[in-house]
Amino acid sequence: MTTDLTASARVRPDVAPIQRRTLSLLFGTQIIGGIGVTIGVAVGALLAARIAGTAVAGLTQSAAVVGAALLAIPITRITNGHGRRPGLAVAYLVGAIGAVLVVFAAATRSVPLLLLGSLLFGGGAAANLQARYAAVDLAEPARRGRQLALIVWATTIGAVAAPNFAALADTVTDGWGLPPLAGPYAFSAAAFVLAAGVLLALLRPDPLLTARRLEATDTAVASPPPTTEPPAGGLTVAPTSVARRGAGMRAAWQVVRDRPPARLGVAAVAVGHAVMVAVMSMTPVRLGESHGDADVLRVVGIVLSLHIAGMYALAPLVGWLADRLGRRAVILGGVALLLAACAIAGTADHHTPQLTVGLVLLGLGWSGTMVGGSTLLSESVPATVRPSVQGFSDLTMGLAGASAAAISGFVMRAAGYPVLTLLAAIVAVPLVALALRRGPVAAPDRED
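All chains use their own residue numbering, which begins from 1 and follows the written sequence. At least 70 in pLDDT is required for a residue's local features to be given in this predicted model, at least 80 for side-chain atom pairs to be given and counted, and no such filter applies to totals for whole chains, interfaces and linings, which use all residues. With hydrogens and water set aside, each side-chain value is computed from the structure's full complement of heavy atoms.

Novice: I would appreciate a short explanation of the overall build of the protein chain in the present structure.
Specialist: Numbering of helices and strands runs from the N terminus; a helix is a DSSP stretch of H or I covering at least four residues, while a strand is a stretch of E covering at least two. Looking only at helices and strands, the protein chain features 18 helices and zero strands. Each residue is assigned to one of three classes by its accessible area relative to the maximum for its type, calculated with a 1.4 Å probe on protein chains only: buried under 20%, partly exposed between the two thresholds, exposed over 50%. Here the protein chain holds 448 residues, and the buried ones make up 51% of them. Throughout, a contact is declared for two residues whenever any of their heavy atoms are within 4.5 Å. Within the protein chain, contacts between residues separated by at least 24 positions form 84% of all contacts whose residues are at least 6 apart in sequence. Here, Shrake-Rupley sampling with a 1.4 Å probe gives the accessible areas, and only protein chains in the shown set may cover a residue. When the accessible surface of the protein chain is summed, it comes to about 19000 Å², and 69% of that surface belongs to carbon and sulfur atoms.

Novice: How do you make sense of helix H3 (residues 72-82) when you look at a structure like this?
Specialist: Structurally, the α-helix is built with 3.6 residues per turn, so residues lying three or four positions apart point the same way. Residues Ala72, Ile75, Thr76, Thr79 and Asn80 constitute the buried set of H3. Projected down its long axis, H3 carries its buried residues within an arc of 135 degrees, all on one side. Remark: glycine 83 follows H3 within two positions and exhibits a positive phi of approximately 110 degrees. This arc is built from the directions going out from the helix axis to the C-beta atoms.

Novice: Explain the side chain of glutamate 215 here, please?
Specialist: In this fold, glutamate 215 is placed in helix H8 (residues 207-222). Charge counting follows a simple rule: Lys and Arg are positive, Asp and Glu are negative, and His as well as the terminal groups are ignored. Think of a salt bridge as a Lys or Arg side-chain nitrogen and an Asp or Glu carboxyl oxygen that are within 4 Å of each other. Look at glutamate 215: it is buried, it has no salt bridge, and the nearest opposite charge is arginine 386 at 4.3 Å. Think of a polar contact as two N or O atoms within 3.5 Å of one another; within protein, one of them needs to be a possible hydrogen donor and the other a possible acceptor, and neighboring residues in sequence only count if both atoms come from side chains. Polar contacts involving the side chain of glutamate 215 include one to the main-chain amide nitrogen of alanine 383, which spans 3.2 Å.

Novice: When you look at the packing of helix H4 (residues 84-108) against helix H7 (residues 183-202) in this model, what are you seeing that I'm missing?
Specialist: Helix packing geometry: the angle between the two helix axes and the distance between the axes. Axis definition: a line fitted to C-alpha atoms, over the contacting stretch in the case of helices. Angles run 0 to 180 degrees between N-to-C directions. Interhelical geometry of H4 versus H7 gives an angle of 165 degrees and a closest axis separation of 8 Å. Classified by the angle their axes make, H4 and H7 are roughly antiparallel. Of the two possible hands of crossing, H4 and H7 adopt the one that is left-handed. Taking contact as the criterion, the partners of Arg85, Leu88, Ala89, Tyr92, Leu93, Gly95, Ala96, Ala99, Val100, Val102 and Val103 in H4 are, on H7, Tyr185, Ala186, Ser188, Ala189, Phe192, Val193, Ala195, Ala196, Leu199 and Leu200. A breakdown of the residues in the contact of H4 with H7 according to their chemical character gives 18 nonpolar, two polar and one charged. With respect to orientation, any angle under 35 degrees is reported as roughly parallel, any angle over 145 as roughly antiparallel, any angle of 65 to 115 as roughly perpendicular, and every other angle as oblique. Crossings are assigned a handedness: left-handed for a near helix turned anticlockwise from the far helix by less than a right angle, right-handed for a clockwise turn. Classification convention: Asp, Glu, Lys, Arg as charged; Ala, Val, Leu, Ile, Met, Phe, Trp, Tyr, Cys, Pro as nonpolar; all other residues, Gly among them, as polar.

Novice: Mind showing me how you'd approach the nonpolar core here?
Specialist: Nonpolar side chains tend to gather and get buried jointly when the protein is soluble and globular. Here, the term nonpolar core denotes a set of buried Ala, Val, Leu, Ile, Met, Phe, Trp, Tyr and Cys residues that are joined through side-chain atoms within 4.5 Å. Core analysis: the largest hydrophobic core is formed by 51 residues, its most contacted members being Val275, Leu355, Leu362, Tyr417 and Leu431. Per-element tally for this core: the top contributor is helix H11 (residues 260-288), with 11 residues. Leucine 431 has contacts with Leu264, Ala267, Ala268, Val271, Val335 and Thr369, leaving out every residue within four places of it along the chain. Counting 38 residues, the second largest nonpolar core, distinct from the first, contains Ala91, Tyr92, Val103 and Ala182.

Novice: Got a minute to help me understand the confidence of the model for the protein chain in this structure?
Specialist: Detailed reading of the predicted coordinates is not advisable wherever pLDDT is low. Across the protein chain, the average pLDDT comes to 84, with 83% of residues at 70 or higher. Mean pLDDT across the secondary structure elements of the protein chain bottoms out at helix H18 (residues 444-447), with 42, and peaks at helix H14 (residues 327-346), with 97. How sure the predictor is of each residue is captured by pLDDT, a score from 0 to 100. Here residues 227-246 is modelled with pLDDT under 50, and outside its nearest four sequence neighbours on either side it reaches 16 contacts, counting other chains as well. Confidence drops under a pLDDT of 50 for residues 440-448, and excluding neighbours within four residues, the segment shows 20 contacts in the predicted structure.

Novice: Looking at this structure, how should I read the packing of aromatic side chains?
Specialist: By convention here, two paired aromatic rings are described through the distance between centres and the angle between planes. Here the aromatic set is Phe, Tyr and Trp, taking the six-membered ring for Trp, and pairing holds for ring centres within 6.5 Å; pairs whose planes are under 30 degrees apart are stacked, those over 60 apart are edge-to-face, and all others are tilted. For the structure shown, the criterion picks out six aromatic pairs. Ring plane angle 40 degrees and centroid distance 6.0 Å describe the contact between phenylalanine 27 and tryptophan 153, whose orientation is recorded as tilted. Of this pair, phenylalanine 27 sits in helix H1 (residues 16-52) while tryptophan 153 sits in helix H6 (residues 144-172), placing them 126 residues apart in sequence. According to the relative accessible area criterion, tryptophan 153 is partly exposed, its value standing at 28%. Of the aromatic side chains, those joined through ring pairs into one cluster are Tyr92, Phe121, Tyr185 and Phe192.

Novice: Looking at this structure, how should I read a nonpolar patch on the surface?
Specialist: Together, Phe165, Leu168, Val172 and Trp176 line one region of the surface with nonpolar side chains, adding up to about 390 Å² of accessible area. Note that leucine 168 resides in helix H6. The patches reported here contain residues having more than 30% relative accessible area and no salt bridge. Joining distances are 9 Å for like charges and 5 Å for nonpolar side chains (Val, Leu, Ile, Met, Phe, Trp, Tyr).

Novice: Before we go on, may I ask you to explain the pattern of salt bridges in this structure?
Specialist: When the charged atoms of two side chains with opposite charge come close together, those side chains can pair. Applying the stated rule across the entire model yields nine salt bridges. Residues aspartate 323 and arginine 146 are paired through a salt bridge, measuring 2.9 Å at the closest nitrogen-oxygen approach. Remark: arginine 146 occurs in helix H6 and aspartate 323 occurs in helix H13 (residues 315-325); sequence separation between them is 177 residues. Given a relative accessible area of 10%, aspartate 323 falls into the buried group.

Novice: Would you mind going over unusual backbone geometry with me for this structure?
Specialist: What you tend to see is this: most non-glycine residues have negative phi, and most peptide bonds are trans. For the bond running from arginine 204 to proline 205, omega is -5 degrees, close enough to zero to count as cis. Tracing the backbone through its elements, the reader meets proline 205 in the loop between H7 and H8. You will see that arginine 109, though not glycine, has its phi angle at about 55 degrees, which is positive. You can see arginine 109 is positioned in the loop between H4 and helix H5 (111-134). Positive phi is not limited to glycine here, since aspartate 349 has a value of about 55 degrees.

Novice: Would you explain the packing of H13 against H14 in this entry?
Specialist: Two elements in contact, H13 and H14, have axes separated by 6 Å at closest approach and are oriented at 130 degrees. Relative to H14, H13 is oriented oblique. From H13, Val318, Leu321, Ala322, Asp323 and Leu325 reach across to H14, where they touch Arg327, Ala329 and Val330. The residue inventory of the contact of H13 with H14, partitioned by class, reads six nonpolar, no polar and two charged.

Novice: How do you make sense of helix H16 (residues 386-415) when you look at a structure like this?
Specialist: Helix length check: H16, at 30 residues, gives a terminal C-alpha distance of 42 Å against a target of 44 Å (1.5 Å per residue), a fit within 8%. Taken from the residues just after H16, glycine 416 is the one with a positive phi, measuring 100 degrees. Working rule for helices: expected span equals 1.5 Å times residues minus one.

Novice: Would you mind going over the environment of aspartate 323 with me for this structure?
Specialist: For the pair aspartate 323 and glutamine 147, spaced 176 residues apart in the sequence, the C-alpha separation amounts to 9.9 Å. Within the structure, the side chain of aspartate 323 is placed 2.8 Å from the backbone nitrogen of glycine 145, a separation counted as a polar contact. At a separation of 2.9 Å, a polar atom in the side chain of aspartate 323 contacts the side chain of arginine 146.

Structure representation (structure tokens):
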């Protein structure tokens, strides 16, 4: 069973070596970038609490999330104009600058500098997110889901290894005169610079630019020769109009609005992420209601580790299912898992094992909507506008997650954890109707 847009696409064996090289490089840089991002996340709240108190600790984490979302806009413009290689490299370098600013903030105990550094630090996360799209620029239609999921899964390796590097980094930099907990951010900066350097030096040819050239060649071969007479409407369309149209977020929204599969892809990624963040962010608070100070950190660590495993560990399997069963089927499966997770976690009361099962299912549901939605979105639009639409999706996802995290705290305080999970489930339900709705869809290269 194929998706709406893959049946007519043909395999290009001439790009297979380029795709293998691209995947290898992206896999390696995802591990490096994942280490850099997770090291900062592991100690960021503790460092902020020491500098300015617990209240600011939450703001630094929010700043990093919002930074990753907002940085999708300039990164998209760079990618749209110059390709994946400079776009990803700039994102990592912005993250490195943010990490350096956090180190200076720790040394000077400057809260404004800490928040600015945390905002720019989100560039590392933005690069890790954008890399999954680079994996499908040249992918065979029947393998897009698996290859995108492989890059998502690679982040897990860095995320799992990073906490161990955090302690090592703090020990190594102790003799450099850095304040406690600032050393991990210095290592994050080094990891981001390394990832950017590898991409700039080795990601050649650029996968997006190559895909655009192939698409332009195929279109020229398939199209009839131009005539000297204008069309009936009296207007002609410049060959580069689509590329220029893809430069901004407004143009990206217009493309998504006009394509039902693209709408579903953006909605699946954003809604799945919002539901996951809303429930996950308040789970430690829920666990704190039933466990004492001596045990709560250990229990939270175990539960969240299993949740993260649900998010990433089975991503290759989810990608394989997306290729075998179709993108919509995987999105629907992801929504079903999210609804089951909300039901199980919301009715767990203070039974930690049941709550843990709910969090694992929550991670699996997120994986389904993320992999299925990202793959469907990427193949629903032509290469000329693909970076803009993908950047729009990441911007929407980031803002949805940040909003969900902020609102969840108020709901938790006002109505409790069960009501929070109920509301999260309600948010996911419209996605089912959107995924079940089908309409006539043309292949993107022919439509444009």
